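Observations on the three-dimensional arrangement
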Amino acid sequence: MNRYKKQIVTVFALGLLLSGCNNTPNQDISTFKDAFAGKFLVGAAINVGQIAGQEPKAIEIVKKQFNSVVAENCMKMENIHPEEEVFIWEEADAFVDFAEKNNMHIVGHTLVWHSQAAPWIFVDDSGEDVSREELIERMKNHIQTIVGRYKGRIDGWDVVNEAIENDGSWRESKWYQIIGPEYVELAFQFAQEADPEAELYYNDFGVSGRSKCDGIYHLVKNLQEKNVKVDGIGLQGHLNFDIPKISEMETSIEKLSSLGVDLMVTEVDMTILPWPSDEVTAEVSLNYELSKEFNPYSGGLPDSVYQQVMDRYTGFFEMFLKHHEKISRVTFWGVHDGNSWRNDWPIEGRTDFPLLFDRNYRMKEGVEDILEMAENWETK
Ligand code: G3I
């Protein structure tokens with residue numbers, strides 16, 4: 001359990017003791033962070049516009065509803081470290097300041113990822129791949145400069161993102177090609193050296209797939225066998241309308257928790273739009289053409305579809321509650337439907353409804369049932 005969660009659990013338990021009402025359902029359920037207190041943190045990814053004050057209503061939701069935040073994009077390498085000698089701190093600093101001012105748990109996202117890596121990092125002046133030693137040195141500098149800057153301020157880091165393919169094999173990223181699989185343990189070691197107190201996570205999508213889950217299990221087990229500090233696994237919750245099955249994600253939660261690390265359901269959203277491929281993925285490079293067939297709800301969502309989405313969301317949260325002792329945090333990937341990345345991926349310009357707050361910043365009807373379920377959940 002992370003240090004932030006321990007504090008929350010203690011305060012919550014104390015509150016229950018003092019009020020003497022631990023079996024009495026709270027009739028005033030209103031926020032995610034209160035309803036799930038004592039179970040797990042609930043967070044959201046926020047973007048630079050929101051942090052800069054361009055969307056006060058979204059920030060109001062964040063402050064009221066959530067106790068954890070992650071920056072959607074501004075800590076990714078291409079944004080924060082676009083050239084070897086250039087670090088751009090303004091947006092990441094503003095994100096950390098915002099979270100601290102509001103006493104929120106902070107997640108840094110993400111240090112080593114095949115996507116959005118700044119192109120300079122893999123090549124020398126003549127455009128050839130750098131040597132293994134050089135890339136290790138560059139990765140060390142990247143990680144330690146960033147983690148070091150926020151030492152003691154960021155609670156946990158997504159150290160390595162998406163290193164495993166859906167079939168459980170290694171993703172043949174530039175990191176892997178040049179350094180070999182050891183790049184993962186090196187990344188964790190460098191992060192630990194820079195902030196020994198920060199929690200360190202491995203984060204990936206498609207974890208409900210059996211082969212992928214097994215690949216991640218072995219990756220983390222291998223790190224543990226080498227005494228590499230890895231505190232948690234982020235299971236990205238980029239859900240589709242019909243896949244994965246709730247039971248498939250549950251099986252992965254059970255399997256990965258046997259490693260004795262914290263689990264976080266990260267990046268939760270649920271696209272309800274037709275999916276133009278057979279694969280459940282969050283692979284950023286996918287891109288398909290916009291057509292009406294793939295954008296059926298631009299005029300609004302039929303009630304029947306809406307109800308199915310809420311039922312599915314409720315089912316997932318019920319499962320998360322059942323396993324709340326294994327889960328330290330659930331984080332939505334965005335605040336409201338209007339600016340979710342889902343509207344633009346894998347087809348640009350669609351109208352999707354993936355989150356639990358709508359385009360008018362209202363909590364969706366039916367969410368109160370999820371909150372009530374959490375509030376009344378008996379610890380078994
Ligand atoms: O801000 C620039 C803008 O200045 C520019 O004009 C415009 C032109 O393309 O791009 C804008 O940046 C975009 C950025 O989102 C902000 O909207 C990037 O192109 C776009 O690639 C970027 O997409 C992000 C994607 O990761 C790639 O970094 C999404 O917002 C973000 O939600 C998504 O998040 C990832 C997680 O980090 C890891 N797991 C999968 C998840 C979904 O792909």
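Residues numbered from 1 in each chain as written. Predicted model: local features only at pLDDT ≥ 70, side-chain atom pairs only at ≥ 80, totals over all residues. Heavy atoms only, no water.

What follows concerns the sheet that holds strand β8 (residues 327-332). Strand order in the closed barrel formed by eight strands is β1-β2-β3-β4-β5-β6-β7-β8, with parallel pairing between adjacent strands. Along the sheet, successive strands turn relative to each other by an average axial angle of 30°, direction set aside. Inspection of the sheet shows strand β2 (residues 68-71) paired to strand β3 (residues 105-113) by three bridges, in the parallel sense. Within β3, the position partnered with Val-70 by the bridge is Val-107. (Pairing = 2+ DSSP bridges. Helix = DSSP H or I, 4+ residues; strand = E, 2+ residues; numbered from the N terminus. Axes fitted to C-alpha atoms, helices over the stretch in contact; angles between N-to-C directions.)

Both faces of β2 are covered, namely the face carrying Ser-68 and Val-70 and the face carrying Val-69 and Ala-71. Note: strand β1 (residues 41-46) against β2, four bridges, orientation parallel. What sits directly across from Gly-43, in β2, is Ser-68. (Buried < 20%, exposed > 50% of the residue type's maximum accessible area, 1.4 Å probe, protein only.)

Turning our eyes to something else, we now look at a negative patch on the surface. On the surface, Asp-303, Glu-365, Glu-368, Asp-369 and Glu-372 cluster together into a patch of negative charge. A total of three residues in the negative patch trace back to one element, the largest contributor, which is helix α13 (residues 367-375). Counting through the fold element by element, Glu-365 comes out in the loop between β8 and α13. Exposure remark for Glu-365: the relative accessible area of 63% places this residue in the exposed category. (Patch = residues over 30% accessible without salt bridge, like charges linked within 9 Å, V, L, I, M, F, W, Y side chains within 5 Å. Areas by Shrake-Rupley, 256 points an atom, 1.4 Å probe, with all protein chains shown as cover. Salt bridge = Lys/Arg side-chain N within 4 Å of Asp/Glu carboxyl O. Lys, Arg positive; Asp, Glu negative; His and termini not counted. Charge placed at Lys NZ, Arg CZ, Asp CG, Glu CD.)

Moving on, we come to the packing of aromatic side chains. The tally for this structure, following the rule as stated, stands at 22 aromatic pairs. Where Phe-122 meets Trp-175, the ring centres are 5.0 Å apart and the plane angle is 75°; that geometry is what we call edge-to-face. Here Trp-175 lies in helix α8 (residues 174-179) and Phe-122 lies in the loop between β3 and α7 (132-149), a separation of 53 residues in the sequence. Each of the two residues, Phe-122 as well as Trp-175, counts as buried. Taken together through their ring pairs, the aromatic side chains of Phe-32, Phe-36, Phe-40, Phe-66, Tyr-313, Phe-316, Phe-317, Phe-320, Phe-332 and Phe-357 make up a single cluster. The positively charged end of Lys-255 is found above the aromatic ring belonging to Tyr-217, 4.4 Å away from the centroid. Positioned over the ring face of Phe-353 is Arg-359, at 5.1 Å from the centre of the ring. (Phe/Tyr/Trp six-rings, centres within 6.5 Å; stacked < 30°, edge-to-face > 60°. Lys NZ or Arg CZ within 6 Å of the ring centre and 35° of its normal.)

Further remarks concern the environment of Ala-191. Relative to the helices and strands, Ala-191 is located in helix α9 (residues 182-194). Separated by 34 residues in the primary sequence, Ala-191 and Trp-157 have C-alpha atoms spaced 8.4 Å apart. Setting aside chain neighbours within four positions, we find Ala-191 in contact with Leu-111, Ile-143, Val-147, Val-159 and Leu-200. (Contact = heavy atoms within 4.5 Å.)

Shape descriptors only; they carry no functional weight alone.
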